[in-house]
Amino acid sequence: MAGLSGTVSLIPKPSESSKKASKNDYLRVGGTLITGPDGAATLVLRNGGRLQVKPNTTLRLRSDKPTSEVSLKLLGGSVESTAPQVAASELVINVGGRRVRLGQSARATISMPEGSVKRAAVLVSFGTASVEKASGQTEKVIAGQTLALSLTAPPAKRLDAGVPADSAMTASPLTFFLLNKGRGKVLVLQPGDRRFRRVGRRKTIPVRVG
């Protein structure tokens, strides 16, 4: 991380607990960065790209080829992305199942309201970006344009051949985290949440697996 301010948390891996982020931390593949209401962070990517992570944002690094293509998943909030200078490299932001790909040296802000998988927006301030549409085709967005995305959650999987899945179930994201603080204190982070919240005594929180 090139810089951070306010409340910023890092989950290094899905199986690990959340911790307070520091400037010396690296966001590695599978890691999740969470900014609080007063938090912000700057990420410099290996391929030369740059991200300004805004407050109330949850972002996960998905890339397995960080020197040629950097792929991130925006789970909620807003990021300002600047594509790398190297033409062979790519910067891709996945939002609600759609891929936003920035052109060389382009700059765009990608946002999705907290806990929403139905709407998002791509604002291009410099250069161009291509956005994958529901049909699989791509739409080009040029500087000065804003593209509103109407997103659809992936269809729920059937639990078995005879029992239909809950029609209200969404499959993005599928991950939740539990954090044991000791002395009986347990925190939970569920899809759509920006921060861990405490699980009260004798309280049951339903967890729906997609």
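Residues numbered from 1 in each chain as written. Predicted model: local features only at pLDDT ≥ 70, side-chain atom pairs only at ≥ 80, totals over all residues. Heavy atoms only, no water.

Enquirer: Account for the overall build of the chain, naming residues and giving values.
Expert: Summing up its helical and strand segments, the chain has zero helices and 18 strands in all. Classification of the 210 residues of the chain by burial places 41% in the buried group. Sequence-distant contacts, at least 24 apart, represent 41% of the contacts inside the chain between residues at least 6 apart. By element, 50% of the accessible surface of the chain is carried by carbon and sulfur atoms, the whole surface being about 11,800 Å². (Helix = DSSP H or I, 4+ residues; strand = E, 2+ residues; numbered from the N terminus. Buried < 20%, exposed > 50% of the residue type's maximum accessible area, 1.4 Å probe, protein only. Contact = heavy atoms within 4.5 Å. Areas by Shrake-Rupley, 256 points an atom, 1.4 Å probe, with all protein chains shown as cover.)

Enquirer: Mind laying out the pattern of salt bridges, listing which residues take part and the relevant values?
Expert: Counted by the stated rule, this structure contains two salt bridges. Residues D25 and K19 are paired through a salt bridge, measuring 3.4 Å at the closest nitrogen-oxygen approach. Where E80 meets R107, a salt bridge forms, and the shortest distance between an N and an O atom there is 3.8 Å. Of this pair, E80 sits in strand β8 (residues 69–82) while R107 sits in strand β11 (residues 107–112); the two residues are 27 residues apart in sequence, bridging distant segments of the chain. Under the relative-accessibility criterion, R107 is labelled partly exposed at 38%. (Salt bridge = Lys/Arg side-chain N within 4 Å of Asp/Glu carboxyl O.)

Enquirer: Can you lay out the confidence of the model for the chain for me, pointing to particular residues and giving the numbers?
Expert: Chain-level statistics for the chain give a pLDDT mean of 75 and a share of 67% at 70 or above. When the criterion is pLDDT under 50, residues 154–175 qualifies, and its contacts beyond four places in sequence or with other chains add up to 25 contacts. (pLDDT = per-residue confidence, 0-100.)

Enquirer: I'd love a proper account of the pairing of strand β6 (residues 50–53), names of residues and values included.
Expert: Burial along β6 is one-sided: the residues L51 and V53 are buried and none of R50 and Q52 is. Pairing of strand β5 (residues 40–44) with β6, which is carried by four bridges, proceeds in the antiparallel orientation. Within β6, the position partnered with L43 by the bridge is L51. Between β5 and β6, which pair antiparallel one after the other, the connecting turn spans five residues, and G48 there sits at a positive phi close to 100°. Of the pairings in the sheet, the one linking β6 to β8 comprises four bridges and is antiparallel in character. Looking across to β8, one finds that V53 is bridged to V79. (Pairing = 2+ DSSP bridges.)

Enquirer: Requested: an account of the environment of L123, with residues and values cited.
Expert: Relative to the helices and strands, L123 is located in strand β12 (residues 119–126). Judged by relative accessible area, L123 falls into the partly exposed class, the value being 39%. For the pair L123 and L147, spaced 24 residues apart in sequence, the C-alpha separation works out to 6.5 Å. In this view, L123 contacts R107, A108, T109, Q145 and T146; residues no more than four positions away in its chain are not counted.

Enquirer: Tell me about unusual backbone geometry, residues and numbers included.
Expert: Of note, the phi angle at N56 is positive, near 55°, even though the residue is not glycine. Position of N56 among the secondary structure elements: in the loop between β6 and β7 (57–61). Of the residues examined, N56 reaches a relative accessible area of 30% and is grouped as partly exposed. Positive phi outside glycine occurs at S105, with the angle close to 65°.

Enquirer: Mind laying out the pairing of strand β2 (residues 8–11), listing which residues take part and the relevant values?
Expert: One face of the sheet, then the other: side chains in a regular strand alternate in exactly this way. Looking at chain direction, β2 and strand β4 (residues 32–35) are connected through four bridges and run antiparallel. Bridge pairing links S9 to I34 in β4. Of the strand pairs in this sheet, β2 and strand β3 (residues 19–20) are connected by two bridges, and their pairing is antiparallel. Counted as the bridge partner of L10 is K19 from β3.

Enquirer: Got a sec to walk through the nonpolar core? Specific residues and values, please.
Expert: In a soluble, globular protein the nonpolar side chains are often hidden away together inside. Core analysis: the biggest nonpolar cluster contains 35 residues, and L33, L43, L72 and I110 have the highest contact counts within it. Top contributing element to this core by residue count: β8, with four residues. Sequence-distant contacts of L72, that is, excluding residues within four places in its chain, are made with L45, L51, L59, R60, L61, R62, L91, V92, I93 and N94. (Core = buried A, V, L, I, M, F, W, Y, C linked by side-chain atoms within 4.5 Å.)

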